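# Per-entry structural report
Single-letter residue listing:
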Amino acid sequence: MQNYRQINLLLGGVVFLISLLVYWSCMEPTLSFWDCGEFIAAAYKLEVGHQPGAPLFLMLGKIFSLFAGSNAGKIAYWVNFQSVVVSAATITFLFWSINLIALKLIKKEEKELSQVDGWSVLAAGLVGAFCYAFSDTFWFSAVEAEVYALSSLVTALVFWCILKWEKELNDRWLLVISFLVGLSIGVHLLSLLIIPPIALVYYFRKSKRPTWFGAFKAFLAGGMILGLIQFGIIQYFVLFAAKTDVMAVNQWGLPFGSGALIFLLFSALLLAYGIRYSIRKSNYRLHLGLLCLTFVLFGFSSYFMIIIRANAKPNINLSNPDTPLSLFDYLSRTQYEDKPILYGKVFDSKAIDIKEGRENYRRGESRYEVIGKSYQTVYDKNMLFPRTYSNRPQHVQFYKNWMNLGENESPGFWQNMRFFMEYQLGFMYGRYFAWNFIGRQNDVQGHGSLQEGNWLTGIKALDALRLDNQQNLPPSMLENAGRNLFYGLPFLLGMAGLIYLSRRSKSDLLVIGSLFFCTGLAIIIYINQDPMQVRERDYAYVGSFYAFAIFIGLGMLAIQSFLSKKLSKKHSLLLSFGICLFAVPGWMAFQGWDDHDRSGKTTALDMAKNYLNSCEPNAILFTNADNDTYPLWYAQEVEGIRTDVRVVNLQFLSSESYIDQMKKQQDLSAPLPIRMNKETYKEGSRNYLPYYDYGIQDSVELSDLLAVLTSDSKEDKIAMSDGSLENFLPTQRFKMKVDPEKVLRTGTVQEADSHRITSQLEWNFNKNFALKSDLAIFDILVHNQWERPVYFAASLSEDTYIGLDKYLYLEGFAYRLLPFRPSEGENFTKTAQTNDLLAHDHYVNRFELKGFKTARYLDPESKRILHSTFNFSNTLAQNLLRNGRTEAARQVVHKSLNDLPLRNTSISDTVNKIGLVNNLLQLKENEKANAIANDAMNYLAKEFNYILSLKSGNQHALIQEIRTGFFVFQELKEAARFQKHEALWKKAEAHLQHYEKAFMKSFG
């Protein structure tokens, strides 16, 4: 086939264009949830994101953001488009890589290929590449501004380069690979996992008589190179530079950074001398090795961006890595919890000792200052391969439930192995693998239930072996966009390719198999995932899905080989290609389009705007989780929305550098009223303030307590277990006096509500310790003196409100701290309190909700936001009605009816309809109330009928859903009774009686 190379290049271009158009048409037009808001903002202004950073991704994102011109609203669009482009390029290089492997199997040079053989190779590449293009996990990352798309491209590029090296035996490809590996550090460390497979390719190509033992040694060598880069370059190279800098600054009196520059210059001279020496001695291997190391360091140099921009002190500057020493901590991910890998504790291990580690430093005015030492806890019980190490109460209970452990039973080695095999390997990897190549049940995040986020073939007889009753499925399953039935065809084709490859080339099987292992199973072992993750983690294993896509492509050759026994070569090629293309990637695209099409989706941006617009001017808004912070950062940093609101993330507020940031002007937001001096909150001090009962009976004024907590006097400290003196909480009962005239003057309280003002806030701090972040909150509350509105995000955990619950009032997506007399009674919940007039104005006039309807697909996080929006609007309308503001309540209810989707997608959705129906009945809009109530009850009836068809054990597993459904029936019945809606009351009562009898009979 004389023109094979030209056709291969042309088809690669076609693959790129098709992939580009697919991803572009499905691309999210603005930011999406999780890290994307932070990445877009950090890329646009070249800021410093969370550890360990992604400088190359950010710099490329900055280039793409320039296409937006002066339109700030299009910046997210173009940074998202970066992922579209690099994802399309990934598919293209996968296509070419499969072709190179297929060529090896045919064992012919390109010019010697027959037309059928040439087109067979190309067809295999097309099938495998498009399977990966339409795989669930890769498609998800391809349409948003996340690092995983670019990381996949680096992996694909490196793998293609090593195949080109194998074919041409030109060591320049190894230099290209080294540079790409260095660059990949500035994207995501997952890309480094391709190094061991590269070592295998090198071994098989260089060895005249390869052996299994030789391959094993080559794989270990690749692992050692990976370790050298992971620890030697990324960490210790930076650590040595940092140590040199400490010596240069503290002992020689040089400026900060000078020691690191000296170290870098010395390293460069040493490398240059080594290269020159290798040339003089004609030592080719040493020369090649040193050149490869040099190119890795060239690629790694993208991290200069992090330290340069940290010194510029941008608004987003997490961990403030402005010195070589803080850069080392940043790269070492010191903010994250250490997890045992091969040996360590389990959840019931007890701490018996503490070992001192290295000294920790902070940047002072002119020198590095010692702020203490790092410590390592020693435990009484350690074991090999510990998988159940987390001692968080919810995790401990999960371990016990999963492994059927008794209350006081301790997990042994085999229980840990079982948890690894069943949960970490099976549920947290096998399930994800099946989503991509077998089928998916729904998009509900799974925590272990067979009814959540499970894999599904679509073949009822097979699914019935694992899942209970796949007949007469309810709407929550049938109508879920995440229900993608592949009938296991991609998996079967991949297995066919694996078998075909094993018969043709054991070495290539080992190479691709090692790629699959390193980017999948090895990650599971290394990260040792604890249970109940906040989101699905399939993105971490996308490299292994890439490897399996190669098997899928070769599976087409297996099908062709089988058919060629009965048909001519030409007809077997056409038939196998047609069947494989349409039955596998074609069907995957058809099934997956609805839940991957994010065009028209603006829910994350709308949520960010609504959060900020829940706040009055110059507000202080405390947030915590990623999805309550990163979208807000994007809105402020990129689009300039409500920059007067100071967003304070409580996760970072224990950091000295973050508190420093909060004490500075930021756009239109004035500095926070934090009066603590830097010595009080410096790193290493007041990180943990334990409660010690000092016998104080009355509540303590918060200003007095703050003075004690920030005091340096020995009388205000207690001795800790290590002999050090630390500040402590002498009481858990706090109070804050209120000046009624001031809260009226500052507009905190309107004149009409002046009778509700309390003389003082009085509350219980419900934790047995205070963190530095709590100390900062105390400082803000004491010195703010109601000058600026103070808000807490509505989705924070209970302990984050520091016990102020009864003084918190919803004004939208956030609670405002107000000096009103607390509501009386045992039934008090802060979720029922609204600051009516402002909450009404925020919701009706400022909230943007239409993104819920323009989105072609609502992901689980968008559904969570939708649920929260319904909760708020229903509560607000109810309170407005209770206070006689009927027309205001009608406006709230009608906005919800007009802008929020009313379709039920789960039993929990029907809870939203209770308040809506109740409010409509009170507004005498019975027809609308009746329609919504009937829809909810009909939906519940279908769900209950399905649950009743399940086995008893699975019914018990869904007891919470059953209770929720009964709660909805009961509440609708009560609402109808109270509003004298007899028809609705009768229908709800009939459902209750019917299903009470049915479940009582079912449960025995």
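See the structure printed just above.
First things first, this report covers the structure right here in the doc. (Residues numbered from 1 in each chain as written. Predicted model: local features only at pLDDT ≥ 70, side-chain atom pairs only at ≥ 80, totals over all residues. Heavy atoms only, no water.)

### A short note on the overall build of the protein
To keep it simple, the criterion reads: Strands here are runs of E lasting at least two residues and helices are runs of H or I lasting at least four, both read from the DSSP assignment and numbered beginning at the N terminus. Exposed residues in this analysis have more than 50% of their type's maximum accessible area, buried residues have under 20%, and partly exposed residues fall in between, with area computed by a 1.4 Å probe over protein chains only. Every residue pair with non-hydrogen atoms within 4.5 Å of one another is taken to be in contact. For the charge count, each Lys or Arg is scored as positive and each Asp or Glu as negative, with His and the chain ends excluded. Here the site of a charge means atom NZ of a Lys, CZ of an Arg, CG of an Asp or CD of a Glu.
Helix and strand counts for the protein stand at 38 helices and 18 strands. Within the span of the protein, comprising 1004 residues, buried residues form 57% of the whole. For the protein, long-range pairs separated by at least 24 residues make up 74% of all intrachain contacts whose partners lie at least 6 apart in sequence. Here the protein holds 102 positive side-chain charges and 94 negative ones, and the gap between their average locations is 9 Å.

### Observations regarding unusual backbone geometry
Cis geometry is adopted by the peptide bond preceding Pro52, which originates at Gln51 and carries an omega value of -5°. Note on placement: Pro52 falls in the loop between α2 (36-45) and α3 (55-65). For Lys313, which is not glycine, the phi torsion reads 55° and is therefore positive. Despite not being glycine, Met532 has its phi angle at roughly 60°, a positive value. Tracing the backbone through its elements, the reader meets Met532 in the loop between α20 (506-527) and α21 (542-563). Met532 sits in the partly exposed class, given a relative accessible area of 37%.

### Thoughts on the pairing of strand β16 (residues 790-793)
Selection rule: When DSSP finds two or more bridges between a pair of strands, those strands are recorded as paired.
Burial along β16 is two-sided: Val790 and Phe792 and Tyr791 and Ala793, pointing in opposite directions, are all buried. Direction of pairing for strand β7 (residues 620-623) relative to β16: parallel, over a ladder of three bridges. Within the sheet, the bridge partner assigned to Ile620 lies in β16 and is Val790. Sheet analysis places β16 next to strand β18 (residues 814-817), joined by three bridges and oriented antiparallel. In the sheet register, Tyr791 faces β18, and the bridge partner there is Arg816.

### Considering a nonpolar patch on the surface
We count it as follows: Residues forming no salt bridge and having over 30% relative accessible area are the ones grouped into patches, like charges within 9 Å of each other and nonpolar side chains (Val, Leu, Ile, Met, Phe, Trp, Tyr) within 5 Å. Surface exposure here means Shrake-Rupley accessible area, sampled with a 1.4 Å probe, where a residue is shielded only by the protein chains that are shown. Between Lys or Arg on one side and Asp or Glu on the other, a salt bridge is scored when a side-chain nitrogen of the former is within 4 Å of a carboxyl oxygen of the latter.
The grouping of Ile459, Leu462, Leu465, Tyr487, Leu489 and Leu492 at the surface amounts to a nonpolar patch, some 560 Å² of accessible area in total. Counting only elements with at least two residues in the nonpolar patch, the list comes to α17 (460-466) and α19 (489-504). In this structure, Ile459 sits in the loop between β5 (439-440) and α17. Judged by relative accessible area, Ile459 falls into the partly exposed class, the value being 33%.

### Here we look at the nonpolar core
Condition: In these notes, a set of buried Ala, Val, Leu, Ile, Met, Phe, Trp, Tyr and Cys residues joined through side-chain atoms within 4.5 Å is what counts as a nonpolar core.
Tyr23, Tyr132, Phe159, Ile162, Ile550 and Leu554 are the most contacted members of the largest nonpolar core, which totals 167 residues. The element contributing the most residues to this core is helix α4 (residues 75-106), with 17 residues. For Phe159, the contacting residues outside a window of four places in its chain are Ser97, Ile101, Ile194, Val511, Leu515, Tyr546 and Ile550. Of all hydrophobic cores here, the second largest spans 139 residues; its members include Leu621, Ala776, Leu858 and Phe944.

### Observations regarding the packing of helix α1 (residues 4-26) against α4
For the record, the criterion: In this analysis an axis means a line fitted to C-alpha atoms, helices contributing only their contacting stretch, and an angle means the value between N-to-C directions, from 0 to 180 degrees. Handedness of a crossing follows from how the near helix is turned relative to the far one, being left-handed for an anticlockwise turn of less than a right angle and right-handed for a clockwise one. Side-chain classes follow a simple rule in which Ala, Val, Leu, Ile, Met, Phe, Trp, Tyr, Cys and Pro form the nonpolar group, Asp, Glu, Lys and Arg form the charged group, and the remainder, Gly included, forms the polar group.
The interhelical angle for the contact between α1 and α4, taken along N-to-C directions, is 145°, at an axis separation of 8 Å. Crossing angle aside, the handedness with which α1 passes α4 is right-handed. Residue composition of the contact of α1 with α4, by class: 18 nonpolar, six polar and no charged.

### Considerations on the sheet that holds strand β10 (residues 700-701)
Within a sheet, neighbouring strands are paired by backbone hydrogen bonds and run either parallel or antiparallel to one another. Across the sheet, which stays open at both edges, the three strands sit in the order β10-β13-β14 with mixed pairing between neighbours. With one partner strand each, in any of the chains shown, β10 and β14 (760-764) form the two edges of the open sheet. Pairing of β10 with strand β13 (residues 733-737) involves two bridges; the strand directions are parallel. When the bridges of β13 are listed, Glu701 appears paired with Lys735.

### As for the pattern of salt bridges
Charged atoms that come close allow side chains of opposite charge to pair. Per the counting criterion, the structure on display carries 41 salt bridges. A salt bridge links Arg363 to Asp322; the shortest N-O distance between them is 3.5 Å. In this pair, Arg363 is assigned in strand β2 (residues 351-363) and Asp322 in the loop between α13 (304-311) and α14 (324-331), connecting sequence segments 41 residues apart. On the accessibility criterion, Arg363 (32% relative accessible area) is partly exposed. A salt bridge links Lys895 to Asp899, with the nearest nitrogen and oxygen atoms 3.5 Å apart.

### A look at the pairing of β7
Inclusion rule: Seen with its strands pointing away from the viewer, a crossover is right-handed if its path from the first strand over the helix to the second goes clockwise.
Of the two faces of β7, both are covered, the one formed by Ile620 and Phe622 as well as the one formed by Leu621 and Thr623. Pairing of β7 with strand β8 (residues 646-649) involves four bridges; the strand directions are parallel. Counterpart to Leu621 in the pairing with β8 is Val647. In this region the chain leaves β7, passes through helix α24 (residues 630-637) and returns to the parallel neighbour β8; the handedness of that crossover is right-handed.

### What about the sheet that holds β8?
In space, the five strands of this open sheet follow the order β8-β7-β16-β18-β17, with mixed pairing throughout. Since the sheet does not close on itself, it has two edges, and those belong to β8 and β17 (808-810), each with one partner. Sheet twist, expressed as the average angle between the axes of neighbouring strands with direction ignored, equals 30°.

### Thoughts on the packing of α21 against helix α22 (residues 569-596)
What counts, and what does not: In this scheme, roughly parallel covers angles under 35 degrees and roughly antiparallel covers those over 145, while 65 to 115 is roughly perpendicular and the rest are oblique.
It is at 8 Å that the axes of α21 and α22 come closest, and there the two elements cross at 140°. The angle between α21 and α22 falls in the class oblique. Handedness of the α21/α22 crossing: right-handed. For the pair formed by α21 and α22, the contact residues are Met556, Ile559, Gln560 and Leu563 on the first element and Lys569, Ser572, Leu573, Leu575, Ser576, Phe577 and Cys580 on the second. For the contact of α21 with α22, the class distribution of residues is seven nonpolar, three polar and one charged.

### Considerations on helix α23 (residues 603-612)
For α23, the tally of buried residues reaches ten of ten residues, placing the bulk of the element in the interior. The complete set of buried residues in α23 reads Thr603, Ala604, Leu605, Asp606, Met607, Ala608, Lys609, Asn610, Tyr611 and Leu612.

### Considerations on the environment of Ile907
Mapped onto the elements, Ile907 comes out in helix α34 (residues 907-922). The spatial distance from the C-alpha of Ile907 to the C-alpha of Thr964 is 7.1 Å, given a sequence separation of 57 residues. Apart from the residues lying within four places of it in its own chain, the contact partners of Ile907 are Tyr939, Leu940, Glu943, Ile947, Glu961, Thr964 and Gly965.

### Topic: the packing of aromatic side chains
Cut-off, in case you're wondering: When two rings of Phe, Tyr or Trp (its six-membered ring) have centres within 6.5 Å they constitute a pair, described as stacked for plane angles under 30 degrees, edge-to-face for angles over 60, and tilted for the intermediate range.
This model, assessed by the stated rule, comprises 82 aromatic pairs. Ring centres of Trp24 and Phe81 lie 4.8 Å apart, and the angle between their planes is 55°; this geometry places the pair in the tilted category. Taken together, the positions of Trp24 in helix α1 and Phe81 in helix α4 put the pair 57 residues apart, joining distant regions of the chain. A relative accessible area of 33% means that Trp24 is categorised as partly exposed. Three or more aromatic residues joined by ring pairs form one cluster here, namely Tyr429, Tyr432, Phe433, Trp435, Phe437, Phe491, Phe516, Tyr541, Phe545, Phe548 and Phe551.

### Description of the environment of Ala149
Within the secondary structure, Ala149 is located in helix α7 (residues 147-168). Accessibility expressed as a relative area gives 2% for Ala149, which makes it buried. Taking the C-alpha atoms as reference points, Ala149 and Gln82, separated by 67 residues in sequence, lie 8.8 Å from one another. Residue contacts for Ala149: discarding those within four places in its chain leaves Ser83, Val86, Ser87, Thr90 and Ser141.

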